[in-house]
Amino acid sequence: MTFDDDSPERPVWLITLADLSLLLVGFFVFLKASETDPRALAAQIRAGFVTETVVAMPVDIAAVSGFAAGSAEIVDASAALDWARAAARDPRTRLHVTGEVDGTPGDVDPLTGSGPILAADRARAVAARLVRSGAISPERILLSTGRGQRRTVLTLGYDGGRQDPAARQPAIAARPQ
């Protein structure tokens, strides 16, 4: 067989049969789905995505840097405070505060020699400063630790909240006649 041959390796009717079979399966799925109550179907789909933890998708970021090696003392957090105050105006947002260490032997907690404990101290110090300044309430903050630089990273996420089906009005009833 050469590249110039137009003879197909599979018969054309086989592809047509596969397309017809998929359309037929899709039709039966559509029939079965239309038998269920739309609200019950939506509830089942929603239940499949429910998790125990709230995951907020990050949409903005800020950082507090300038930490000395082995220290959780904040040098300057004024820009991050202003950013957090503006970002937290929407009550559906959450703030994820991640304390970091640079991974060097000198960037550890002086009492325990632990990098993660120092990272947690940095995150806690920034979170406490945010709460004390009134930028955000403590129940909207999630703390974590990481390794990267001597800093604390703040990410803003949209929690989304739940829609209240009773609060929605039907579009037809809202239109004047």
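Here we take up the pairing of strand β3 (residues 141-147). Inspection of the sheet shows strand β2 (residues 93-101) paired to β3 by seven bridges, in the parallel sense. Looking at β3, one finds that Glu 100 is bridged to Gly 146. For the handedness criterion, the β-α-β arrangement of β2, helix α4 (residues 115-132) and β3 is classed as right-handed.

This prediction gives the protein chain a mean pLDDT of 81; 81% of its residues lie at or above 70. The weakest mean pLDDT in the protein chain belongs to helix α5 (residues 171-174) at 43; the strongest belongs to α4 at 95. The low-confidence segment residues 163-177, where pLDDT is below 50, has two contacts with residues more than four positions distant or belonging to other chains.

Val 64, Trp 83, Leu 95, Val 97, Val 126, Leu 130 and Leu 154 are the most contacted members of the largest nonpolar core, which totals 23 residues. Elements supplying a minimum of two residues to this core: β1 (57-65), α3 (78-87), β2, α4 and β4 (151-158).

Looking at the element boundaries, Ser 114 is found in the loop between β2 and α4. Exposure remark for Ser 114: the relative accessible area of 18% places this residue in the buried category. Ignoring any residue separated from it by four or fewer positions in sequence, one finds Ser 114 in contact with Val 108 and Asp 109.

Attention shifts here to the pairing of β4. Most of β4 is tucked away: six of the eight residues are buried. The sheet contact formed by β2 and β4 spans seven bridges and is antiparallel. By the bridge assignment for β4, His 96 is matched with Thr 155.

Next up on the list: α4. Compared with the 26 Å implied by 1.5 Å per residue over 18 residues, the 26 Å span of α4 between its first and last C-alpha is a close match. The opening residue of α4, the one whose side-chain oxygen lies 3.3 Å from the backbone nitrogen of Ile 117, is Ser 114. Gly 134, located one to two residues past α4, shows a positive phi value of around 80°.

This paragraph deals with α3. Turning to α3, its buried residues are Ala 80, Leu 81, Trp 83, Ala 84 and Ala 87. End-on view of α3: buried residues confined to an arc of 165°, all on one side of the axis.

Calculation rules
- Residues numbered from 1 in each chain as written.
- Predicted model: local features only at pLDDT ≥ 70, side-chain atom pairs only at ≥ 80, totals over all residues.
- Heavy atoms only, no water.
- Pairing = 2+ DSSP bridges.
- Helix = DSSP H or I, 4+ residues; strand = E, 2+ residues; numbered from the N terminus.
- Right-handed = clockwise from strand over helix to strand, strands pointing away.
- pLDDT = per-residue confidence, 0-100.
- Contact = heavy atoms within 4.5 Å.
- Core = buried A, V, L, I, M, F, W, Y, C linked by side-chain atoms within 4.5 Å.
- Buried < 20%, exposed > 50% of the residue type's maximum accessible area, 1.4 Å probe, protein only.
- Expected span 1.5 Å × (residues − 1).
- Polar contact = N/O pair within 3.5 Å; in protein donor to acceptor, adjacent residues only side chain to side chain.
- Arc of directions from axis to C-beta.

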